[in-house]
Structures are given as C-alpha cells and as structure tokens.
Amino acid sequence: MSSIAQYLILKGFNVFGYDRVSSTITNLLESKGAEIIYKKSINNLSKYLKENGLEVIYSSAIKFEHQVLSFFINKGYEPIKRAVFLASLVNGTESYAVAGTHGKTTTSAILTHIFKNTNASFSAFVGGIMLPEKTNFIHRGFEKTIVEADEFDRSFLNLKPFSACITSIDSDHLDIYNNHTSLKNAFKDFSKNVKGQLIIHHSIDMKGLTYGLDVKADYVFKNCVQIDDGFIVNLKTPKEAVSDIFCKVIGKHNLENMLAALSLANHSGYTLKEIIPSLATFNGIERRMEIHKIDDKIIIDDYAHHPTEIAAINKTLREKYPDSFIEVIFQPHLFSRTKDFLDDFADELSKFDRVRLMEIYPARELPIPGINSTEILKRINVKCSLLDKNNFDRNLDENGANIIAILGAGSIGLCIDEYLKKRLT
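Residues numbered from 1 in each chain as written. Predicted model: local features only at pLDDT ≥ 70, side-chain atom pairs only at ≥ 80, totals over all residues. Heavy atoms only, no water.

Asker: Would you mind going over the packing of helix α1 (residues 2–10) against helix α4 (residues 82–90) with me for this structure?
Answerer: Helix-helix packing is characterised by the crossing angle of the two axes and by the distance between the axes. Close contact between α1 and α4 brings their axes to 11 Å; oriented N to C, the two are set at 45 degrees. In terms of their interaxial angle, α1 and α4 are classed as oblique. As α1 packs across α4, the resulting crossing turns out to be left-handed. Contact residues: I4, Y7 and L8 in α1; R82, F85, L86 and L89 in α4. (Axes fitted to C-alpha atoms, helices over the stretch in contact; angles between N-to-C directions. Helix = DSSP H or I, 4+ residues; strand = E, 2+ residues; numbered from the N terminus. Parallel < 35°, antiparallel > 145°, perpendicular 65-115°, else oblique. Left-handed = near helix turned anticlockwise from the far one by under 90°. Contact = heavy atoms within 4.5 Å.)

Asker: Would you mind showing me how to read the sheet that holds strand β18 (residues 354–357) here?
Answerer: Sheet strands pair via backbone hydrogen bonds, and the direction of the pair is either parallel or antiparallel. With mixed pairing, six strands are arranged side by side in an open sheet as β15-β16-β20-β17-β18-β19. At either margin of the open sheet sits one strand with a lone partner, and together these are β15 (290–294) and β19 (383–386). Ignoring which end each strand starts from, the neighbouring axes of this sheet average 20 degrees apart. This element, helix α10 (residues 307–320), spans β15, β16 (297–302), β17 (326–330) and β20 (403–407) of the sheet and lies at about 160 degrees to β20. (Pairing = 2+ DSSP bridges.)

Asker: Would you mind showing me how to read the nonpolar core here?
Answerer: Note on soluble globular proteins: their nonpolar side chains tend to be buried together. Within the largest apolar cluster, 43 residues are counted, with the highest numbers of intra-cluster contacts made by F115, F221, L255 and L279. For L279, the contacting residues outside a window of four places in its chain are I114, F221, I245, F246, C247, K248, M258 and L262. In this structure, F85, A99, A149 and L159 belong to the second largest nonpolar core, which totals 35 residues. (Core = buried A, V, L, I, M, F, W, Y, C linked by side-chain atoms within 4.5 Å. Buried < 20%, exposed > 50% of the residue type's maximum accessible area, 1.4 Å probe, protein only.)

Asker: Just checking my understanding: could you explain helix α15 (residues 412–424) for this structure?
Answerer: Given 3.6 residues per helical turn, the α-helix brings residues three or four places apart onto the same face. For α15, which comprises 13 residues, the first-to-last C-alpha distance of 18 Å matches the rise-based estimate of 18 Å (1.5 Å per residue) to within 8%. I412, G413, C415, I416, Y419 and L420 are the residues of α15 that are buried. In an axial view of α15, the angular spread of the buried residues amounts to 155 degrees, which keeps them on one side of the axis. Packed against the buried residues of α15 are β15, β16, β17, α14 (392–397) and β20. (Expected span 1.5 Å × (residues − 1). Arc of directions from axis to C-beta.)

Asker: When you look at the state of the cysteines in this model, what are you seeing that I'm missing?
Answerer: What makes a disulfide is a covalent bond joining the sulfur atoms belonging to two cysteines. In the structure shown here, the tally under the stated rule is zero disulfides. Left without a disulfide partner, C165 is nearest to the cysteine sulfur of C247, which lies 16 Å away. The structure places no disulfide on C384, whose sulfur is separated from the nearest cysteine sulfur, that of C415, by 17 Å. (Disulfide = S-S within 2.5 Å.)

Asker: I keep staring at the environment of K75 and nothing clicks. Help me out?
Answerer: With respect to the element layout, K75 can be found in the loop between α3 (67–74) and β4 (80–81). Classification of K75 by relative accessible area gives partly exposed; the value is 48%. Along the sequence, K75 and K297 sit 222 residues apart, while their C-alpha atoms lie 54 Å from each other.

Asker: So what exactly am I meant to see when it comes to the pattern of salt bridges here?
Answerer: Oppositely charged side chains can pair when the atoms bearing their charge come close. A complete count under the given rule lists 22 salt bridges for this structure. The salt bridge partner of D353 is R318, with a shortest N-O separation of 3.2 Å. One end of the pair, D353, is in the loop between α12 (342–349) and β18; the other, R318, is in helix α10, and 35 residues separate them in sequence. Its relative accessible area of 28% is what places D353 among the partly exposed residues. (Salt bridge = Lys/Arg side-chain N within 4 Å of Asp/Glu carboxyl O.)

Asker: Looking at this structure, how should I read the sheet that holds strand β14 (residues 241–247)?
Answerer: The ten strands lie next to each other as β7-β6-β8-β5-β9-β10-β11-β12-β13-β14, forming an open sheet whose pairing is mixed. Every interior strand has two partners, whereas the edge strands, β7 (135–139) and β14, have only one. The mean angle between the axes of side-by-side strands here comes to 20 degrees, regardless of whether they run parallel or antiparallel. Where strand β11 (residues 209–213) and strand β12 (residues 219–227) come together, three bridges link them in parallel fashion. Residue pairing for β12: L213 is matched across the bridge by F221. Along the sheet, α1 contacts β6 (122–130) and β7; its crossing angle with β7, the most-contacted strand, is approximately 40 degrees.

Asker: What is the right way to read unusual backbone geometry from this model?
Answerer: Following L131, the chain continues into P132 via a peptide bond in cis, with omega recorded as 10 degrees. With respect to the helices, strands and loops of the structure, P132 is situated in the loop between β6 and β7. The phi angle at D214 is positive, at roughly 50 degrees, despite the residue not being glycine. Of note, D214 is situated in the loop between β11 and β12. Positive phi outside glycine occurs at D244, with the angle close to 55 degrees. Judged by relative accessible area, D244 falls into the exposed class, the value being 62%.

Set out below in structure tokens:
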C-alpha cells in the first residue's frame with residue numbers, strides 16, 4: 001500500500017490514508033505529503049468527499065465492515081482492491097514479478113538494486129524498506145516495473161507479468177487456501193499468466209528455467225564459501241561460467257534469492273558483466289537478516305514469521321556463529337497461522353538455545369479460542385518463557401546471550417526499532 005501511495009504522490013495526486021498506528025513508513029508518507037489518520041472515527045472523513053475524482057484503494061487486511069472503509073462504501077464509492085490497482089499500473093509495462101511463500105521481498109529488492117545500477121527506465125514496488133534508500137518505492141522511469149506477486153487472497157492472479165520467478169511454495173495462508181494442494185494450484189495458475197520466461201527454484205515441479213545452490217539447474221551458484229559479510233561463489237548459467245564472485249548477503253537462503261534475481265535480470269536483457277558488480281554492493285532491507293552490534297551483543301532482526309523461515313534463520317546463525325549461545329524472541333503472526341503450524345513452530349524454535357515468546361500479533365484477524373503463545377510454549381523443549389512487550393528493552397539489556405534473534409512480522413518490528421533508537425543514539 002505504501003509503495004502505491006508514493007507512486008501516486010509522485011504523479012501529483014492528493015493522497016489520504018488510514019493506518020492503525022504510526023510507524024516509520026507512515027512517517028515517510030507524511031513527509032512526502034500524504035495525510036494519514038490513525039483513528040477509526042469517521043467524524044473527520046467527510047472532508048475527503050469534496051475531492052474530485054476520489055478513488056478508494058484498500059488492502060485485503062481491511063474488511064468491508066471496517067468503520068473507515070464502510071464509510072466510503074455507504075457513500076456510494078466502489079473501493080479498488082490493492083492488488084487490482086497495482087496490476088492496473090504494471091500490467092501495461094514490461095513487468096517482472098517475484099512470487100513465492102518466502103523470499104519475495106529480498107529477491108525483488110536485489111533485482112531492483114541490479115536495475116538501479118544500469119540505465120534502465122523502471123519503477124519498483126518492493127515489500128520492504130530498502131537500504132540505504134529507506135524506501136520501498138524506487139522510481140527511475142516506467143518502461144519496466146518490478147513487483148512482488150503476493151499469494152495472499154490470490155492477489156497475484158491479477159498480474160500478467162512479462163517475466164517472473166517463483167522462489168518457494170511452502171504451505172501457508174491456509175485460511176485462504178484450506179490445503180497445500182490448493183495453494184500449489186494457485187501458483188500454477190499464476191505461472192500461466194507469465195507472458196515470457198518463468199524462473200523457478202529447482203525444487204518446484206513446474207516448467208521453467210531452474211536455479212539453486214550446488215545442484216543440477218540452469219542457473220547455479222557452486223562452491224559457495226562463506227566469509228564475514230557474504231559468500232564467494234562460482235556461477236554457471238545456460239551459456240556462461242564465472243568464478244570467484246562476491247555476493248553480499250547473509251545466509252544461504254538469501255544467496256538463493258540473489259541467484260533468483262540474477263537469473264531474472266539476465267532474462268530481462270542484461271549481461272552478466274552488467275549484473276555481477278551489483279551483487280557485491282547490495283546493502284539489504286530493513287528487518288531481513290539485519291545485524292546490529294550493541295556492546296558485546298549481536299542482535300539479528302528479521303521478518304521471519306513461518307516455520308521454514310525460522311529454520312533458515314537458525315541455520316544461518318549456527319553457521320555464522322557456531323560457538324554462540326543464541327536466544328530467539330519470537331512474536332507469532334496471525335491466529336490462523338499459529339493454529340496451522342503449532343507443532344512446526346515449536347520444533348523450529350526448540351533448535352535455539354533459549355526462547356522468549358510474545359503474544360500473537362493478530363493483524364487482520366480476530367482471536368481463535370485456545371490459540372495463543374502459551375500453546376507454542378507448551379510444545380517447546382528448551383528453556384522458554386513468555387515476554388511482555390513492556391519488558392522487551394530490559395530483556396535485551398540484561399540478556400546473557402551472545403546472539404539474539406528478533407523474529408516476527410508484527411509489532412515486534414516497532415519494539416526493536418524503538419530499542420535501537422534509544423541504544424544507538
């Protein structure tokens with residue numbers, strides 16, 4: 001939503017909006033001229049009705065009965081779903097879509113970084129805050145576009161991309177899809193919308209060019225050696241081979257995402273000579289394996305909110321800090337996801353040395369009886385306790401762990417953001 005808002009501001013539209021709480025992204029929008037309200041009260045909404053040609057765009061996270069959205073519906077407006085509006089912007093361009101249950105944001109951000117270092121006329125709508133730009137919308141023209149293809153609510157089926165990649169199809173969003181087979185079928189439907197080349201992770205059973213690490217695939221990073229701030233790899237493509245490439249990413253899951261972006265960029269017409277220098281200069285994304293050093297502690301902040309993502313973080317940290325005591329602070333995201341993956345969350349969290357659990361962040365959902373963080377805690381077989389957000393800072397300050405992983409897609413991001421502001425300034 002916020003990248004669309006930035007695009008509309010750039011195009012000269014007056015942009016108004018609602019969000020539940022203020023955040024760094026709403027602050028960014030306000031600094032660019034957007035007017036944002038934070039209360040559901042409809043008392044001050046009538047003034048927006050005076051705007052000529054008013055269009056109302058809403059996120060799938062907002063239900064029709066929401067007080068702000070229903071106000072405009074009752075006034076006769078026909079709201080446009082975010083995914084439909086985004087598709088209307090990009091479907092007429094040479095668009096590159098990144099799909100997958102994990103890795104969309106990192107892959108699309110790396111692809112954006114590659115395009116930015118060329119003379120491409122493009123705009124990118126990214127799902128995370130890119131560094132050092134501190135924005136999720138990059139504009140260098142509009143001949144080409146980069147967009148995340150979000151599977152939630154089948155949103156990605158609105159896109160008709162010129163080319164696309166699929167990073168993963170793990171079970172998720174079962175409140176929408178009911179089962180894994182239904183989710184996989186939706187990805188197959190998405191693949192049929194791709195006009196040109198489809199690039200897929202080697203584990204995915206579809207037709208397309210494949211990529212992976214040290215496997216038999218069309219695009220391969222081989223002999224991957226981890227160094228302090230990335231990897232040295234050898235690259236094989238369908239036509240070329242290049243040795244000793246530095247890739248500035250942390251974790252092999254992100255190295256795969258970089259390879260996916262390289263593959264997509266290569267099929268957008270850029271040569272390896274044009275692409276490879278960008279792999280050494282990628283500065284990352286906020287809350288994606290973001291590392292902070294405070295005194296003798298290393299804090300890793302990541303958006304991970306699915307068991308597979310938690311497993312990838314643990315594996316990365318064990319490889320990078322093999323002799324360290326690692327604590328994880330995790331805030332589950334959505335009651336439905338917690339219900340669907342209770343045992344899986346417990347299994348993956350139990351691979352850390354100590355676990356702190358915050359209460360579930362509901363986002364768009366109402367509580368489900370019997371589903372709470374205590375239910376995960378009961379299943380964890382290492383030292384574990386609940387952590388109240390009011391004790392978040394004290395826990396980090398008094399923590400004896402060498403490495404602390406902050407994981408989750410909800411308000412835990414605001415907690416760590418506020419903590420870092422106080423400790424790093």
